[in-house]
Amino acid sequence: MRRSVVGLALVGALLPLTGCVPPMVACTAIGYSSTLFLDLDTPTTGLTLELCDGEGCTPSPTSDFEPTETATGWVVSPLFGAGDVVGYRVTDATGAVVREGSVRPDWKRVDGSDTCGGNTEARVAL
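Residues numbered from 1 in each chain as written. Predicted model: local features only at pLDDT ≥ 70, side-chain atom pairs only at ≥ 80, totals over all residues. Heavy atoms only, no water.

A. Region of interest: the sheet that holds strand β4 (residues 73-79). Pairing is mixed in the open sheet, where five strands are placed in the order β3-β4-β1-β8-β7. With partners counted over all chains shown, the strands left at the sheet margins are β3 (67-69) and β7 (108-109), one partner each. The sheet contact formed by strand β1 (residues 34-39) and strand β8 (residues 120-125) spans six bridges and is parallel. Note on β8: the bridge partner recorded for Thr 35 is Glu 121. (Pairing = 2+ DSSP bridges. Helix = DSSP H or I, 4+ residues; strand = E, 2+ residues; numbered from the N terminus.)

Put into structure tokens, the structure is as follows:
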């Protein structure tokens, strides 16, 4: 009797190693970020981009976003927890508002996996 109990315990312990049970998934990264490319239809120098994250948010220069100016607009990275809606305001050198509104980026995962997630990026035109 004791031998059969030990045998069953041994089979139960080895069963997960045989592939009969899905392996444990361990996701190594704990924080992914997003990159947002904002393109102007008419590239103009001397403009400042202000952003905010969320529906009805107010863009400000003191936000957590740090845009990098490019020849055609801006690259904003890293964005942590970027939402479905990003508010923006573009001002000129005098502080006058050139454009403002919100966009719904189409975020695409660029690495990682379906199970564990990954970094995302999106490109929008202002």
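More follows now that the structure is in view.
B. Quick peek at the sheet that holds strand β2 (residues 48-53). Ordered by their spatial adjacency, three strands build an open sheet running β2-β5-β6, and the pairing between neighbours is antiparallel. Every other strand in the sheet has two partners, leaving β2 and β6 (97-103) as the edge strands with one partner each. Strand-to-strand twist across the sheet, computed as the mean angle between neighbouring axes with direction ignored, equals 15°. Both strand β5 (residues 86-91) and β6 contribute to a ladder of six bridges, which runs antiparallel. In the sheet register, Val 86 faces β6, and the bridge partner there is Val 103. (Axes fitted to C-alpha atoms, helices over the stretch in contact; angles between N-to-C directions.)

C. Highlighting the packing of aromatic side chains. The final tally for this structure, using the stated rule, is zero aromatic pairs. Sitting over the ring of Phe 37, Arg 123 keeps its end group 4.5 Å from the ring centre. (Phe/Tyr/Trp six-rings, centres within 6.5 Å; stacked < 30°, edge-to-face > 60°. Lys NZ or Arg CZ within 6 Å of the ring centre and 35° of its normal.)

D. Structural view of the pattern of salt bridges. Evaluation of the coordinates by the stated rule reveals six salt bridges. Here Arg 89 and Glu 50 are joined by a salt bridge, their closest N and O atoms 2.9 Å apart. In this pair, Arg 89 sits in strand β5 while Glu 50 sits in strand β2, placing the two residues 39 residues apart along the sequence. For the pair Arg 89 and Glu 50, one class covers both residues: buried. In this structure, Arg 109 and Asp 114 form a salt bridge, with 2.4 Å as the shortest nitrogen-oxygen distance. Given the relative accessible area of 38%, Arg 109 is considered partly exposed. Asp 114 gets classed as exposed once you look at its relative accessible area, which sits at 71%. Shared partners join several salt bridges into a network, and the residues in it are Glu 50, Arg 89 and Glu 100. (Salt bridge = Lys/Arg side-chain N within 4 Å of Asp/Glu carboxyl O. Buried < 20%, exposed > 50% of the residue type's maximum accessible area, 1.4 Å probe, protein only.)

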